Structure formats: C-alpha cells, structure tokens
Amino acid sequence: MQYINSYNFSGKWITAEEFASLEKINVFHRYLDSVKIRKSKYENKHILFRRRFSLENFESAKIYICADDFYKLYINGEFVGSGSERVNCYNIAPYLKKGENLIAVHTYYQGLINRVFESGNNLHGMICDIVSNRKDVLSSNESFLYSYHEGYSSNGITGYDTQFLESYDASEKQVGFELPDFDDSEWKHSVCFDNTKAYPLTVSLEYETVKPKLIKTDYGYFADFKKNYVGWLNLCAKGEKGEIITLHYGQETENGRVKYKMRANCKYEDEIILSGNNDKFTSFDYKAFRYVEIILPKGAIVDESSITLTARHYPVIIPERHFENESLQSIWDLCTHTLKYGIQESVIDCPDREKGCYLGDGCYIALTVGKLTSDWNLFKQLIRDALKTKTVSPTLLTCLNCSLVQEIAEFPLIMIICTEIYYSLTGDREFIDEILDEYNNLLECYKSSYTNAQGLISKTDKWCVAEWPDNFRDGYDVDLPQNKEIKSIHCVINAYFYAAMRAFNSLAGETVFDTEKFKNAYLSAFYDSEKKAFKDSDISNHSSLISNSFSYAFGLCPDKETEEKIVLEIEKRGINSLNIFGVFPLLFKMQSDKRDITKHIQNPNAWLNMLSQGASTTFETWEKEEKWNTSLFHITLSYIAFFM
C-alpha cells in the first residue's frame, strides 16, 4: 500500500520502460542561488496505457487516478476526465457495462521547466484503483499495456515555455487507442516503480460542450464561441492523405482574422495532418481562446456540426445576482464568467501565457470564490501548497506546483493577511490551528533574515513587486530588480510586513509580534508629517500613490487627516491608477470603513473600460496596451466580485 495524501492506493505507479530507470532531476533551489539544473533529454512525450477488465455485478464504481505530468482518462472509449499531478476521483458507473470493459489513459510528460507542471525532472507515470461495491476490482500494475503515441509532434513552444503546440498526424497507428476494439497486441507491459512524491487529493474538473457561431470563409471556417473559454477544440474532417489543416486560436480579431500571435506572448497555431479517412481531432493540451480559424487544404471537408469547444473548469457554482444598475451587472457577469472558466485544478492567474499558480494573485482569487460560493477548498488547498515549498525556501516560493522557481517577498505576507479575512468569514478554527505554527515560523524567518535593529525590513533576497506591471508604481523611488538582492528600506514591503504581523496576532488571539513598536519605526522612517504623506523609502522624498495607498489600506496612518488626504487622492486619480496588488487591500479598507466604493467599481477607466474594449474575461490591466504582454484572460482583477 502506498500513501498519497488522503488516499491509500492499492495500485502501483507504472510507466514506460525507459522512464523507470532514469535518474530523477532535482529542479528546486533558492531563487537567487546559482544552480545549473541538468536538462532532461525527454520532452513532449505522449504515453498511452490500456487494460481490459471484467465486471459482472456493480451497483457503484469509481476510479482514483493520478498522473505525472498529466492524463486524460477514457472508459470504454468515452472521455471521463483529465488532471495533472493531483489525485482525482470519478464516478465511472455510467461508462461501464456488464462483462468486459476497457480503461485507457493518455498520459503526458512535458519536460519543460515552467509554471505549469513540476516537470523537467525525468518523472513520469500513473497510478489508479477502480473500486466497485467498496472493493478494489482493478489496480495499476505490470498487467497494463503501454505504447508511445507517435501521432503527436511539436509545432513549436508558446508562452513562457508554457506548452508545445501540436502537430497531429491522424494516420499514425495509435489513433483510436481508447476504443475497445483497438488492437494493442504489439504493446509492451508497463514497468512499476517507487514514487515518494506526494500528490494531494482534489476535486475533479467539469466539462461542457460549447458550440460556436460558424462562418464559412474562402479559407475554411471562422468559429466564434462568443466568450473566452479554457479547453480544447474538436472537429471531424476528411481530405487527401498528408494534407494539412491549420488551426489558429485567439482571444481577439485583427482585420477580420484571428489574432493568433497573441499580445500575451502566445502563438496559438496547431495543425492536423490528414489520413485520407474520416479523421476525428481533439487537441490534447488546453488553450484559452474565443475564436478559431480552420484553414482547409483544397478539397478537404469538415463536418460543421462537429466543430465544438470542450470547456474545462473547476466545479464552481456562483449564485446569480441581478443588479438594477446595468454597469454593475455587466461587471459582475464579466468577473463571474472569468472565475468560473479560468480556474482549473488550482487557482491560476492566467490560462494562456503562464498557466501558473501564483501565491499572491491566488489568495485574492480563492478568497473571492470562497465568499461567493462558500466553497473554501481552493483557498485551503492554496495555503497547503504554499507551505509545502518551505522545503526549498523557508520564506516560501511564489509559483506553486511547478518546476520554475521564483520568490516574491510580498506574496507569503499576502497569504497571512488573506487568512485573517478567511477566518473572519468562516470561523474555521480547525484550519487556523493547522497552519498557525507554520505562519509563526514564516514571520520569524522574515524577522531574523531581513530586518534591521529598528525591526524594519531592510534587505530581501527576494524580488519585491510593489505593484505590477511596474508602470503602475507611480515613480516609486526604489530600485526593484527581479534577480538581485534588494537592500533598500522601502515602504511597501514594510507595510505588508506590518499587516501580516497584525493579522497573525489576530489569528493567534494574542500579541506575538509587537506591531505598535513596528508602527512607530515605520512612521519614523516613511511618514512626512508636514506633507501628511508617506515617502517611498527612508532616504527618498518622493511620495508615490502606492506608498500612500498601502499605508492607508493596512492601517498605518497616524491620524484621520492623513487618511482623508489619501482617500481624496485616490478619488481624484481613480482606482485605475493602481492595479492588481493595490486595488484589493485599498477597497477592502474602504469598505471596512463604511465608505462607498460603488463609484470605484464603476470607474469608466477600470472594469467598464475592459468591457468597452470587448472583454469577455478580465484583463491583466485596464487597457490592452498598458503592458507589453497583456493577458486578456487574467483572472486576478475578477476579485472585484468579492466586494459586490
């Protein structure tokens, strides 16, 4: 028996023969450490597994399954679900029949160092148990057959080494591997191996079919799915063997064509190499898109009714809300669509450019989902995932459940601040007791590693983001390089540190950290009593909007006059003068102070401006052009629904 989080597998981890003997690569290190990671020679490998089994009587049946890096599961030729590096459970009774059945699993080893998977480590495999009438009826072992899928090759890499684009050859002999009558007589037996890596048990994704508005064109078809979704394209086509259908995906159009070279640094182009027969195509990896161009070779035919999108998303159910105010309704609809279709196995900040789980962004998104749905699993999962990274860095990593190592100083502090909000909304003492010692150790590590004699953070071996993108920093007079130690005593990181210590004291129910002493040191270093404003650093006279916004948001103003001055400046300049990290704490403070924030929500240069530019999901910034690589499906700013 092997223990993985909260499920004991009877099955064994299985893989292809060559993966079983590979030396595993440690991809983890501190962010600023000079470490050269040995590159895996394996990339973009599709490995298939099949196993026939018999069932005569079953009142219920479910499967527990996990794969590294990714899987798609089929029972008797029907797609059941997919997942990556987490244990999923599915009810498979509707897919089974009396007598012989077939399980088929399409697994994937990507091999890249990125924010998507914990890959590039030479670790590939799957494990499963099928349980019927409370008994194991099939568990993964050497009896499972495997084969590589030779139909997939790379059409390039897109995003930040995020994913391989797909060239799919429909004539390869593994096509149809998931069907019961497929001939697997030449396949090999799987190899078992020991895997000590921990995989958390999580809820399974949901899937739905979306049909497009379809337009016949001189090049083929233009499909508009009416909003941005996350998922994969399906179609059936026929043409001469070797001819190629080109697929262009995008989130906006340009001169009547799909903008597939997207502003988010993604080039979304796949191709299908036809077999000469009736070919069925489903893209393997997911993309975030609204539009698709299907560019056909001469003579090729596509079944128009087969052109669909399979949208995949976390099973979140957001209650409907109806506002009399049309602007508020449109903002609510924008944000709730973004939340529903943007969140995947975990909270990710954008499902296109990085597909990554960022701790800071993720806390705000998970709080919003929890408040709207009363489903707090995402929030608790996020915190547990973050705390696991202490084995790499005692002050935690920024990007979770992946092999790309990054550290941002504010993000663990945001986690503690948001946990206090979580506790105020849920009263979940059991979870707080679970993580409280971890939080104490984290803050003590910040204190011992980064603070000076006055208790202020005076250096960090992590990047400080302050506000992002950096053109929203309002001239913040501190150099914040991404790949170097920061030695400035500056305002924003210290405001976060104060707020995190204060939140911890609240969670602990006692004064563990002396926040009054810290506040006095903060005011001495950053507050200009003549100007009634906060400076960016202890050696600067510059007073930026973000320094003042965070000081107000976290309760560091010495008097009401300073608070009012900062609030007036926000009202004068607009909430759109800040962005992802400044807006949430600012509005939370304003709402807590019983201030009317409706005017900020309806600011014509904020969420309404996204809508005026055709948004169906929230942008990374208020304007498409405000960042060099703006994602038009960036989930974070959907957190305004928290306040609605």
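Look up a bit, the structure's there.
Reading the values: the criteria
- Residues numbered from 1 in each chain as written.
- Predicted model: local features only at pLDDT ≥ 70, side-chain atom pairs only at ≥ 80, totals over all residues.
- Heavy atoms only, no water.
- Core = buried A, V, L, I, M, F, W, Y, C linked by side-chain atoms within 4.5 Å.
- Buried < 20%, exposed > 50% of the residue type's maximum accessible area, 1.4 Å probe, protein only.
- Helix = DSSP H or I, 4+ residues; strand = E, 2+ residues; numbered from the N terminus.
- Pairing = 2+ DSSP bridges.
- Phe/Tyr/Trp six-rings, centres within 6.5 Å; stacked < 30°, edge-to-face > 60°.
- Lys NZ or Arg CZ within 6 Å of the ring centre and 35° of its normal.
- Contact = heavy atoms within 4.5 Å.
- Axes fitted to C-alpha atoms, helices over the stretch in contact; angles between N-to-C directions.
- Parallel < 35°, antiparallel > 145°, perpendicular 65-115°, else oblique.
- Left-handed = near helix turned anticlockwise from the far one by under 90°.
- Salt bridge = Lys/Arg side-chain N within 4 Å of Asp/Glu carboxyl O.

Engineer: I would appreciate a short explanation of the nonpolar core in the present structure.
Structural biologist: A general trend in soluble globular proteins is that nonpolar side chains are found buried together. Ile-294, Met-415 and Trp-607 are the most contacted members of the largest nonpolar core, which has 176 residues in total. Considering every element that reaches this core, the biggest residue donor is helix 7 (residues 491–508), with 13 residues. In terms of nonpolar packing, the next biggest core, distinct from the first, is built from 29 residues, Ile-14, Ala-61, Ile-65 and Ile-103 among them.

Engineer: Explain the sheet that holds strand 4 (residues 45–55) to me, please; I cannot follow it from the model alone.
Structural biologist: In sheet architecture, strand pairing relies on hydrogen bonds along the backbone and comes in two forms, parallel and antiparallel. One open sheet holds the six strands; their spatial order is 7-6-9-4-12-15, and the pairing between them is antiparallel. Here the strands that pair on one side only, and so sit at the sheet edges, are strand 7 (78–83) and strand 15 (188–189). Here strand 4 runs beside strand 9 (residues 99–109); their pairing, made up of eleven bridges, is antiparallel. Paired with His-46 across the two strands is Tyr-108, which belongs to strand 9.

Engineer: Looking at this structure, I do not really get the packing of aromatic side chains. What am I missing?
Structural biologist: Any pair of aromatic rings gets described here by the distance separating the centres and the angle formed by the planes. For the structure on display, the rule yields 52 aromatic pairs. Measuring from ring centre to ring centre gives 6.3 Å for Tyr-249 and Tyr-268, while their planes differ by 85°; the resulting arrangement is edge-to-face. On the criterion of sequence distance, the pair formed by Tyr-249 in strand 20 (residues 244–250) and Tyr-268 in the loop between strand 22 (257–258) and strand 23 (269–273) is long-range, its members being 19 residues apart. Considered together, Tyr-249 and Tyr-268 belong to a single accessibility category, that of buried residues. A ring pair is formed by Tyr-527 and Phe-534, whose centres lie 5.1 Å apart and whose planes are at 50°; its orientation type is tilted. As far as the burial class goes, Tyr-527 and Phe-534 line up, both buried. What links up through ring pairs into an aromatic cluster is the set Phe-70, Tyr-108, Phe-117, Tyr-152, Tyr-168, Phe-281 and Phe-284. Against the face of Tyr-552 rests Lys-589, its NZ or CZ located 5.7 Å from the ring centre. For the cation-ring pair, Lys-627 lies above Trp-628, with the distance from its terminal atom to the ring centre recorded as 4.4 Å.

Engineer: Would you mind showing me how to read the side chain of Ser-84 here?
Structural biologist: The residue Ser-84 is located in the loop between strand 7 and strand 8 (88–91) in this model. Excluding residues that lie within four positions of it along the chain, Ser-84 makes contacts with Ala-67, Asp-69, Phe-70, Phe-117 and Glu-345.

Engineer: Can you walk me through the packing of helix 7 against helix 8 (residues 515–526) in this structure?
Structural biologist: Packed helices, taken two at a time, are described by the angle their axes make and the gap between the axes. Taken N-terminus to C-terminus, the directions of helix 7 and helix 8 make an angle of 165°; their axes are 10 Å apart at the nearest point. If you check the angle between helix 7 and helix 8, you find them roughly antiparallel. Remark: the crossing between helix 7 and helix 8 carries left-handed chirality. Of the residues in helix 8, those in contact with Cys-491, Asn-494, Ala-495, Phe-497, Tyr-498, Met-501, Arg-502 and Asn-505 of helix 7 are Thr-515, Phe-518, Lys-519, Tyr-522 and Phe-526.

Engineer: I would appreciate a short explanation of the environment of Ala-61 in the present structure.
Structural biologist: Of note, Ala-61 is situated in strand 5 (residues 61–68). For Ala-61 and Lys-298, which are 237 residues apart along the polypeptide, the C-alpha to C-alpha distance reads 48 Å. Look past the residues within four positions of Ala-61 in its chain and what remains in contact with it is Tyr-90, Asn-91, Ile-92, Ala-93, Leu-96, Val-131 and Ser-132.

Engineer: In this structure, what is going on with the pattern of salt bridges? I would like to understand it.
Structural biologist: Any two side chains of opposite charge can pair, so long as their charged atoms come close to each other. Tallying each qualifying case throughout the model produces 39 salt bridges. In this structure, Asp-385 engages Arg-86 in a salt bridge whose closest nitrogen and oxygen atoms are separated by 2.6 Å. Pair noted here: Asp-385 is in helix 4 (residues 377–388) and Arg-86 is in the loop between strand 7 and strand 8, with a separation of 299 residues, a long-range link. A salt bridge links Asp-428 to Lys-380, with the nearest nitrogen and oxygen atoms 3.8 Å apart. In this pair, Asp-428 is assigned in the loop between helix 5 (410–426) and helix 6 (429–450) and Lys-380 in helix 4, connecting sequence segments 48 residues apart. The exposure classification of Asp-428 matches that of Lys-380, with both residues buried. Via salt bridges that share partners, Arg-30, Glu-407, Asp-461 and Lys-462 belong to a single interconnected network.

Read these as layout, nothing more, since geometry by itself doesn't imply function.
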